[in-house]
Amino acid sequence: MNNVEELARRLGERVGVRAQAIDRDRGELTLQVAAGDMLGVATQLRDEPQLGFAQLLDLCGVDYLEYGGGAWSGRRFAVVSHLLSLTNNWRLRLRVFCDDDALPIVASLLPVWPSAGWYEREAFDLFGILFEGHPDLRRILTDYGFVGHPFRRDFPVSGNVEMRYDPELRRVIYQPVSIEPREITPRVIREEGYARGGANR
């Protein structure tokens, strides 16, 4: 039995019915649990020696809008955490879907892994996912006047608001985007005799 199979067996035994899915893909495992079970399962993954996931490597948001060419019929927003067990030498992906697409909320993983703090701020900033219990949930990459969440699939490419310095007011101002959407076709310019000249060099 290889490492991945052994981990899948232990997850099946330890997490039990709270595991909505245990998926194997490209030699890695993804454990999916309900939002209400996330904190309990995360604590178990960290504390039980048979699992031993002491380290949170990464946490990110995912927007499944139009996923698979529109074939996706599940929830829109998910939070995916990447975990590492140095003791048992294995990795795990923990995925939780937010229950409400209009107001995506999950519990903060800060009580389990303190390193989740900035990752959760990033997922909030870019996807608009709220982390209940996070003590300082505010933007981390975009500015405080930014409107919307730029990694959502329905966010306009040009954005909603632009900022510029106004020399008359002597301050930065925000205004609606004035960029006209356009398609740019690159123009190729070649010097006369380019091919011949290049061959002689």
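Residues numbered from 1 in each chain as written. Predicted model: local features only at pLDDT ≥ 70, side-chain atom pairs only at ≥ 80, totals over all residues. Heavy atoms only, no water.

Participant: Break down the sheet that holds strand β4 (residues 77-85) for me, citing the residues and quoting the values.
Facilitator: With mixed pairing, five strands are arranged side by side in an open sheet as β1-β2-β5-β4-β3. Both edges of this open sheet fall to β1 (19-25) and β3 (55-63), since each of them pairs with a single strand only. Put simply, the sheet's adjacent strands are angled 20 degrees from each other on average, direction ignored. Bridging between strand β2 (residues 28-33) and strand β5 (residues 90-97) involves four bridges; their strand directions are parallel. Bridging from a neighbouring strand, Q32 pairs with R95 of β5. Of the strands in this sheet, β1, β2 and β5 are in contact with helix α1 (residues 3-14), which crosses β5 at around 45 degrees. Against the sheet, helix α3 (residues 116-127) contacts β3 and β4, and its axis sits at roughly 10 degrees relative to β3. (Pairing = 2+ DSSP bridges. Helix = DSSP H or I, 4+ residues; strand = E, 2+ residues; numbered from the N terminus. Axes fitted to C-alpha atoms, helices over the stretch in contact; angles between N-to-C directions. Contact = heavy atoms within 4.5 Å.)

Participant: Pulling in residues and values, what's your account of the side chain of D166?
Facilitator: Along the chain, D166 falls in strand β8 (residues 161-166). Of the polar contacts made by the side chain of D166, one reaches the backbone nitrogen of L169; its length is 3.0 Å. Non-local contacts of D166, meaning those with residues more than four positions away in its chain, are made with R171 and I173. (Polar contact = N/O pair within 3.5 Å; in protein donor to acceptor, adjacent residues only side chain to side chain.)

Participant: Before we move on, can you summarise the confidence of the model for the chain with the specific residues and values?
Facilitator: The pLDDT averaged across the chain works out to 89; a share of 93% of its residues lies at or above 70. Mean pLDDT across the elements of the chain ranges from a minimum in helix α4 (residues 194-200), with 55, to a maximum in β4, with 98. (pLDDT = per-residue confidence, 0-100.)

Participant: Summarise the packing of aromatic side chains; cite the residues concerned and give the values.
Facilitator: For the structure on display, the rule yields seven aromatic pairs. Taken together, a centroid distance of 5.1 Å and an interplanar angle of 80 degrees make the contact between Y64 and Y67 edge-to-face. When its relative accessible area of 9% is taken as the criterion, Y64 is described as buried. Summarising the aromatic geometry, the rings of F146 and F155 are spaced 5.9 Å apart at their centres and angled 20 degrees between planes, so their arrangement reads as stacked. Members of the aromatic cluster, joined through ring pairs, are Y64, Y67, W72 and F97. (Phe/Tyr/Trp six-rings, centres within 6.5 Å; stacked < 30°, edge-to-face > 60°. Buried < 20%, exposed > 50% of the residue type's maximum accessible area, 1.4 Å probe, protein only.)

Participant: Got a sec to walk through α3? Specific residues and values, please.
Facilitator: Between its first and last C-alpha, α3 extends 16 Å over 12 residues, near the 16 Å set by a 1.5 Å rise per residue. Counting buried residues along α3, nine of its 12 residues qualify, which places the element largely inside the surrounding structure. Of the residues making up α3, those classed as buried are A116, G117, E120, R121, A123, F124, D125, L126 and F127. Within two residues after α3, G128 carries a phi angle of roughly 75 degrees, on the positive side. (Expected span 1.5 Å × (residues − 1).)

Participant: Describe the environment of V172, naming the residues involved and giving the relevant values.
Facilitator: Mapped onto the fold, V172 is located in strand β9 (residues 171-176). Classification of V172 as partly exposed rests on a relative accessible area of 41%. A C-alpha to C-alpha distance of 45 Å links V172 and T43, two positions 129 residues apart in sequence. Leave out the neighbours within four places in its chain, and V172 touches M163, R164 and Y165.

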